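An overview of the molecular structure
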Amino acid sequence: MNRSRLTGVPLVFVSAVAALFFGSLSVGCSARPPMECDRDAMYATIEALCADSMAGRRAASGGDLRAARMLAGMMEKAGCEPLWEEAVVPFHLGRALNVEGDNGANAMRTNLPGEWRDSTYNVAMVIRSGYPDAPKVLLGAHYDHLGKLFMAGIGMKDTLMLSGANDNASGAAAVVEIARRLRPYARDFRRDLVVALFGAEEMGMVGSRHLAAMLRDSAVAVGHMVNLEMLGRLKEDNFRMHLFVDDMEALKQISVPNVDSLSVGVVMKKSGASDHLSFTSMGIPATMFATDDYTTLHRVTDTPESLNMEGMERVVNYITRDVYALLTAERLPAPNKMPESE
């Protein structure tokens, strides 16, 4: 995750109220599996994304392609199909790494060793509903991380591996698990669920900006975007729900019953430097979910064993119901006002 807007965010703590929930979760078909997520399955996905063969999943490293293909295969097994011809969608990084004056982008090549290829990848898949013309819900997370980092003060031959278990293998694993859990309920949907995994978030949300433009240019209308970012470190039974809407009525429309007594922190308007901003900049309402412990952010200690998987299970169960509510709602929250230029 890009850390620039994460700290100092004002929070208003609320509890989601069942009366505000407009989509019934008591679906009456006993043949369908329960909606609760599988903690062990998510952990296995996180471990696979953090394996040495993925080399930290840095964009344009080669490990990113291995990760994208693996995640696309998992989502295909979950019942998703490619949104376009292929599930894994390459895009050219081009100027994103070499913009004059963009110190952050240029520093990537200086501080992160290894091969640098021209392209990296998004994954874009879909669970179809019976309403192909309705604006879609997009569930997404970035799967990339930083990979290897030169060890400061030691020498250019020595490196550390940043595997990014929480940032953001946890979000990517949650996307796969939520898609798997919701696929059997597709006949309840009033709109399609687009499932996306973004590359190059760590380089400035490059992948999500590219995918948002592709969706716009191919006339795929997105009515609401849900972004999952660092879900594996629940602290003191709280997690933060960042809402990018302009009024509380929109919040009421997507509130779901409290799950396991989780406390929900709500942030109104633009905040949190992550992939949802690629969509809110187009006026698309978005929600970002993130747990509230960032102590391992961009550190070698961000490993699978450092995660609170019991907490992540609770969080993902909540998010699953939130996404189901969006998919089955009679209407989605109204579009945001376009952000004022800074």
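Keep in mind it's a predicted model, so treat the numbers as computed, not measured. (Residues numbered from 1 in each chain as written. Predicted model: local features only at pLDDT ≥ 70, side-chain atom pairs only at ≥ 80, totals over all residues. Heavy atoms only, no water.)

**Some remarks on helix α8 (residues 309-328)**
Each turn of an α-helix holds 3.6 residues, which means side chains three or four residues apart point in the same direction. Between its first and last C-alpha atoms α8 spans 28 Å; for 20 residues at 1.5 Å apiece the expected length is 28 Å, and the two agree. Burial of α8 is extensive: 19 of the 20 residues sit out of reach of the surface. Capping the start of α8 is the job of one residue whose side-chain oxygen sits 3.4 Å from the backbone nitrogen of E310: N308. (Helix = DSSP H or I, 4+ residues; strand = E, 2+ residues; numbered from the N terminus. Expected span 1.5 Å × (residues − 1). Buried < 20%, exposed > 50% of the residue type's maximum accessible area, 1.4 Å probe, protein only. Polar contact = N/O pair within 3.5 Å; in protein donor to acceptor, adjacent residues only side chain to side chain.)

**What to know about the packing of aromatic side chains**
Both the distance between ring centres and the angle between the ring planes are used here to describe each pair of aromatic rings. Scanning the model with the defined rule gives three aromatic pairs in all. Look at F198 and F279: their rings are 6.2 Å apart centre to centre, the planes differ by 40 degrees, and that puts the pair in the tilted class. Here F279 lies in helix α7 (residues 277-280) and F198 lies in strand β8 (residues 193-198), a separation of 81 residues in the sequence. We classify F279 as buried; its relative accessible area is 1%. Plain terms: the ring middles of F289 and Y318 are 6.4 Å apart, the flat faces sit at 65 degrees to each other, and that makes the pair edge-to-face. Of this pair, F289 sits in strand β12 (residues 286-291) while Y318 sits in helix α8, and the two are 29 residues apart along the sequence. Just above the ring of W116 sits the side chain of R58; from NZ or CZ to the centre is 3.8 Å. (Phe/Tyr/Trp six-rings, centres within 6.5 Å; stacked < 30°, edge-to-face > 60°. Lys NZ or Arg CZ within 6 Å of the ring centre and 35° of its normal.)

**Observations regarding unusual backbone geometry**
For the peptide bond that leads from D167 to N168, omega is 0 degrees, which places it in the cis range. Structurally, N168 is set in helix α4 (residues 165-182). Even without being glycine, R57 reaches a positive phi, approximately 60 degrees. Positive phi is not limited to glycine here, since H298 has a value of about 60 degrees.

**Considerations on the nonpolar core**
Core analysis: the biggest nonpolar cluster contains 56 residues, and L193 and L228 have the highest contact counts within it. Among the secondary structure elements, those contributing two or more residues to this core are α1 (39-49), α2 (63-77), β4 (119-127), β5 (136-142), α4, β8, β9 (222-228) and α8. Each residue touching L193, except ones within four places of it in the same chain, is listed here: M125, V126, I127, V137, L139, L182, V323 and L327. Grouped together as the second largest cluster of nonpolar side chains are 17 residues, V126, A196, L211 and I284 included. (Core = buried A, V, L, I, M, F, W, Y, C linked by side-chain atoms within 4.5 Å. Contact = heavy atoms within 4.5 Å.)

**Looking at the side chain of S129**
The residue S129 is located in the loop between β4 and β5 in this model. A polar atom in the side chain of S129 sits 3.0 Å from the backbone nitrogen of Y131. At 2.7 Å, the side chain of S129 forms a polar contact with the side chain of D192. The contacts of S129, once residues within four sequence positions are left out, are A186, F189, R190, R191 and D192.

**Section: α1**
All of the buried residues in α1 are M42, T45, I46 and L49. Projected down its long axis, α1 shows its buried positions confined to an angular sector of 100 degrees, all on one face. Of the surrounding elements, those touching the buried residues of α1 are α2, α4 and α8. Capping of α1 at its N-terminal end is provided by D38; its side-chain oxygen lies 3.0 Å from the backbone amide nitrogen of D40. (Arc of directions from axis to C-beta.)

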